[in-house]
Amino acid sequence: VDLKYGYVQGEQRFFFVLGLIDVFTRTAVGQYVGLRCQAGDLRRTLAQALLSEGITAEHGLVIRSDNGPQMTATEVSRWLAVLEEKLSHEFIPIRTPNKNAHIESFFSILELEFLSVTYFKTFAEAYQRTHAFIRFYNHERIHGSIGDITPAEAMAHYKRGEPLSIEAIST
């Protein structure tokens, strides 16, 4: 999980993109786009992702994040403490984004292929188009790291109990 900024040129203001990536399938399993991003937004986005993905204690889920204010907020810490039987939360060391490489890779793609080449007139347009790009990322954009298939295809393989390619497993 991590945060990225986008810019709405027509309103001359920044917006936030909060993303949650499944490191196995590279699927963006949760996202929030807003003019602000606070602890409650992170908690709600993570809760929705856990629910939609059917995460249980048996999955042994680890949430990895940096030490930003949303991630270290009391509201989030208390909420995650209640969920300890379902998951664990680990913080990467300060100034080491390489320790959270999958979300950084996702945000690099978001920046290079979308944010840096898109002009937004309004926040509503930024919101709609950002969500559309994330749908494209999940369902149409192929990824070499998972065997030249889309994250949605990788997730479908996983849910059917089918292995991903040798190339994908070795990365």
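Our structure's up above, just so we're on the same page.
Residues numbered from 1 in each chain as written. Predicted model: local features only at pLDDT ≥ 70, side-chain atom pairs only at ≥ 80, totals over all residues. Heavy atoms only, no water.

Chemist: Before we move on, can you summarise the pairing of strand β1 (residues 2-8) with the specific residues and values?
Modeler: Summarising the sheet, β1 and strand β2 (residues 13-21) pair through 7 bridges and their orientation is antiparallel. If you follow K4 over to β2, its bridge partner there is V17. Following β1, the chain reverses through 4 residues before pairing antiparallel with β2; Q12 in that reversal takes a positive phi of roughly 50°. (Pairing = 2+ DSSP bridges. Helix = DSSP H or I, 4+ residues; strand = E, 2+ residues; numbered from the N terminus.)

Chemist: I'd like a rundown of the packing of aromatic side chains, residues and numbers included.
Modeler: In total, this model carries 12 aromatic pairs according to the counting rule given. Centre to centre, the rings of F15 and F123 are 6.3 Å apart; their planes meet at 65°, and the pair counts as edge-to-face. You can see F15 sitting in strand β2 and its partner F123 sitting in helix α5 (residues 123-139), a full 108 residues away along the chain. Here F15 and F123 have matching classes, each one buried. Aromatic rings pair up to connect F15, F114, F120, F123, Y127, F133 and F136 into one cluster. (Phe/Tyr/Trp six-rings, centres within 6.5 Å; stacked < 30°, edge-to-face > 60°. Buried < 20%, exposed > 50% of the residue type's maximum accessible area, 1.4 Å probe, protein only.)

Chemist: Can you break down the side chain of R26 residue by residue, with the values?
Modeler: If you trace the backbone, R26 turns up in the loop between β2 and β3 (28-34). Of the side chains bearing the opposite charge, D22 lies closest to the buried R26, which forms no salt bridge; the N-O distance is 6.8 Å. There is a polar contact of 2.4 Å between the side chain of R26 and the backbone oxygen of V23. (Lys, Arg positive; Asp, Glu negative; His and termini not counted. Salt bridge = Lys/Arg side-chain N within 4 Å of Asp/Glu carboxyl O. Polar contact = N/O pair within 3.5 Å; in protein donor to acceptor, adjacent residues only side chain to side chain.)

Chemist: Residues and numbers for helix α6 (residues 151-159), please.
Modeler: Because each turn of an α-helix spans 3.6 residues, side chains separated by three or four positions in sequence point in the same direction. Buried within α6 are the following residues: P151, A154 and M155. The buried side chains of α6 occupy one side of the element, clustering within an arc of 100° when seen end-on. Buried residues belonging to α6 abut α1 (39-53) and α5. Residue G161 follows α6 closely and has a positive phi angle near 80°. (Arc of directions from axis to C-beta. Contact = heavy atoms within 4.5 Å.)

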